[in-house]
Amino acid sequence: MGHILDEIRGVNDIHHIDPSDYRVLAKEIRRRLVTTVSETGGHLSASLGVVELTIALHLVLTFPEDKLVWDVGHQSYAHKILTGRDEDMPTLRQYGGMSGFPDVRESEADAFSVGHSSTSISAALGLAKARDLRGTDEKIVAVIGDGALSGGMAYEAMNNAVEAKTSLTIVLNDNKMSIAPNVGGMSNYLGQIRADRRYRDLKLRVEDALDKIPTVGVPLAKQIKKTKDSLKHLLLPGMLFEDMGLTYIGPIDGHDIEAMREAFETAASMKNETVLVHVLTKKGFGYKPAEEKPDLFHGIGKFDIETGEPLEGGEDAPATYTDIFSAWLTDRGETNEDMVSVCAAMPDGTGVMAFAEEYPDRAFDVGIAEEHAVTFAAGMAAGGLRPVVSIYSTFLQRAYDQVLHDVCNASYPVIFAIDRSGIVGRDGRTHQGIFDLSYLMPMPGMTILAPMDGDELIRALDYAYGYTSGPVAVRYPRGEAFWYDEEDRKTFEAGKAEILAEGREVAILAVGDMVRTALAVRESLAEEMIRVTVVNMRFVKPFDEDTVKEVADRHTVVVTLEDNVATGGFGEAVAAFMQREGVRTDGFLSLALPDEFVPHGRREELLEVYGLDEVSVANCVREEYHKCR
């Protein structure tokens, strides 16, 4: 007997599935998701929770004419399957394979490329106004989760949508928040009535009839509306949205396909209105381990399907840079009562959970609101505290203005712990931390450190805490920490680089995690009698100009090595300095990432693709050295 999923080969094939088979289709999609992610890793719990929601949307929409915009997009796996990409699922998040997020380059059914939170309503509203100006009539739907709704951008978009007077459906996928505490018999009943077209049509007919009654009609209609709104305030959880001017439908059971289908069809029938359909789902639904531990399965590596246990990492896994930061934060928090922690909805990922458990009054998770997180920290610094803002490199981009205007402008001593710097890996284009040096270096008063190993991360953080003249950014990569085993390390001095190994022909000025690569290149080229000096820069801004001058004067080739894009990066800063100061060398190489978005894949293979692995760097250095002899 064949599977229902076998009948889904194109973007709209679900329209040919018998309604009696919808529940079977949902089970088959879940089985496919669990099987795939157990091998590839990925965002599982969110995708499992929206299977029925996705089916219901696909029953109402026709692709690619209609537009479905996912917020963040890590819950879009079922959407990919239902738009004919099931055969590509084994390549999920693999280099050259299917992205873990919606991507317009991948399919016409992906209306908007995403990866960051709170953007869907803005994008969908833009699509809706483009439709209106073209004079077409396609449906536009934005799906946003309760977590993403904490981002201020979502409220800005909803406010604008009310003024725009356009046909737009917003689906609130509520799987956690307390926005719907009144879910019960009466609320469900009222939600079902409001989602019924007959109710909507009757409401319009009554209002129209009352408006036509002379003298008393309009006042009576207003009184009825006032009474109705008072009752809704008591009984309906959606009055926040109604008060904003949105039309609210719900709450709807997010695992009832027919109920959602009817609600979505009703929403689509409302012309020139922004309609919010409130859907209640359960993260990890249908797979018990993910239901019990949805946070673990939010973003997980390979795991055992039977037990749900991860096959990578675990208690015996080597310490990561995040682990080291977590231990430092908790340890220093004991003796420094002015230290406070700020994160933006990623307490586990950024390693601040231990501090929050130990010092709950000094730990602040502001939700998906990076801009607020930074200015909030600036306010605490202005009040005499020492805030440590822990944010992934890719997400700190969202708070550029706040870092520049609210922190640097007044020289507040805010510490930025920038996790996931450099190439991150399988989350791809929207998550690589390859722009932080470029966007931080131009900021006046910003100090930037890039520690080379776990021990130096601790020293860098200690330096940051002790520095009170302005903000300090400490950037470090994802994954297992490197430990340099030499005992005679130089003292950690402000603004000073460290020469780890001496040579004569080539000097590599390496930043952060790339020091490890430089040391490997030194060993490789030593066999060819190309002797390499390795400089651990430590400070990217201000960098050690004296050491740069000194090594440039006595080496044939100077090489800068960083895991940041070339434009605005460390290499460009060094090149500009050498030209400005008249520092000359026979050869100069700036090895960095090209000015482009880096796709998903394993970190090691991406470094090789972009020429920043040991072999590629050695080849570049060798070629430049022989050119200069």
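Structure: above.
Rules and cut-offs
- Residues numbered from 1 in each chain as written.
- Predicted model: local features only at pLDDT ≥ 70, side-chain atom pairs only at ≥ 80, totals over all residues.
- Heavy atoms only, no water.
- 1 Å grid on protein atoms, 1.4 Å probe; cavity = no way out; pocket = protein on both sides within 12 Å on 5 of 7 lines; lining within 4 Å.
- Points joined across faces, edges and corners; volume = space filled by probe spheres on them.
- Helix = DSSP H or I, 4+ residues; strand = E, 2+ residues; numbered from the N terminus.
- Nonpolar A, V, L, I, M, F, W, Y, C, P; charged D, E, K, R; others polar.
- Expected span 1.5 Å × (residues − 1).
- Buried < 20%, exposed > 50% of the residue type's maximum accessible area, 1.4 Å probe, protein only.
- Salt bridge = Lys/Arg side-chain N within 4 Å of Asp/Glu carboxyl O.
- Pairing = 2+ DSSP bridges.
- Axes fitted to C-alpha atoms, helices over the stretch in contact; angles between N-to-C directions.
- Contact = heavy atoms within 4.5 Å.

Enquirer: A description of empty space enclosed by the protein should follow, citing residues and the corresponding values.
Expert: Summed over the entire model, instances satisfying the criterion amount to one cavity of 30 Å³ or more. In terms of lining residues, the largest cavity is bounded by Ala 344, Met 346, Thr 350, Glu 370, Ser 390, Ile 391, Tyr 392 and Phe 395. When residues of the lining of the largest cavity are assigned to their parent elements, the largest contribution, three residues, is made by strand β8 (residues 386-392). Along the lines of polarity and charge, the residues of the lining of the largest cavity split into five nonpolar, two polar and one charged.

Enquirer: Describe helix α13 (residues 321-335), and please don't skip the residues or the numbers.
Expert: Given a rise of 1.5 Å per residue, 15 residues ought to cover 21 Å, and the 22 Å separating the end C-alpha atoms of α13 matches this to within 8%. What α13 keeps buried is the set Tyr 321, Thr 322, Ile 324, Phe 325, Ser 326, Trp 328, Leu 329, Thr 330 and Gly 333.

Enquirer: Describe in detail the pattern of salt bridges, supporting the description with residues and values.
Expert: Counted by the stated rule, this structure contains 33 salt bridges. Here Arg 105 ties to Asp 103 by a salt bridge, and the two come within 3.0 Å at their closest N and O atoms. Close ionic contact of Glu 265 with Arg 261 constitutes a salt bridge, the shortest N to O distance being 3.6 Å. Taken as a pair, Glu 265 and Arg 261 lie in helix α11 (residues 257-269) at a separation of four residues, close to a single helical turn. Note on Glu 265: relative accessible area 29%, which makes it partly exposed.

Enquirer: Explain the sheet that holds strand β15 (residues 539-541) to me, and be specific about the residues and the numbers.
Expert: For sheets, the rule is that strands pair by backbone hydrogen bonds, running either parallel or antiparallel. The strand order across the open sheet built from seven strands is β7-β6-β8-β9-β11-β10-β15, with neighbouring strands paired in mixed fashion. The open sheet is flanked by β7 (363-365) and β15, the only strands paired with a single partner. For this sheet, the mean inter-axis angle between neighbouring strands, taken without regard to orientation, is 20°. Pairing of strand β6 (residues 339-343) with β8 involves five bridges; the strand directions are parallel.

Enquirer: Lay out the environment of Ser 122 in plain terms, naming residues and giving numbers.
Expert: Mapping Ser 122 onto the fold places it in helix α5 (residues 120-134). On the basis of relative accessibility, which here comes to 27%, the residue Ser 122 falls in the partly exposed class. Along the backbone, Ser 122 and Tyr 155 are 33 residues apart, and their C-alpha atoms lie at a distance of 9.4 Å. Once residues lying within four places of it in the same chain are set aside, the contact partners of Ser 122 are Met 153 and Ala 157.

Enquirer: Give a detailed account of unusual backbone geometry, specifying residues and quantitative values.
Expert: Geometrically, the link from Phe 63 to Pro 64 is a cis peptide bond, its omega value of 0° lying close to zero. With respect to the helices and strands, Pro 64 occurs in the loop between α3 (51-60) and β1 (67-70). The step from Lys 541 to Pro 542 runs through a cis peptide bond, and the omega angle for that step is -10°. Mapped onto the elements, Pro 542 comes out in the loop between β15 and α21 (545-553). Despite not being glycine, Asn 272 shows a phi value in the positive range, around 60°. The topology assignment puts Asn 272 in the loop between α11 and β5 (274-280). In the Ramachandran plot, Met 529 falls in the positive-phi region, its phi being about 60° despite a non-glycine side chain. Structurally, Met 529 is set in the loop between α20 (514-526) and β14 (532-536). The exposed category is assigned to Met 529, whose relative accessible area is 57%.

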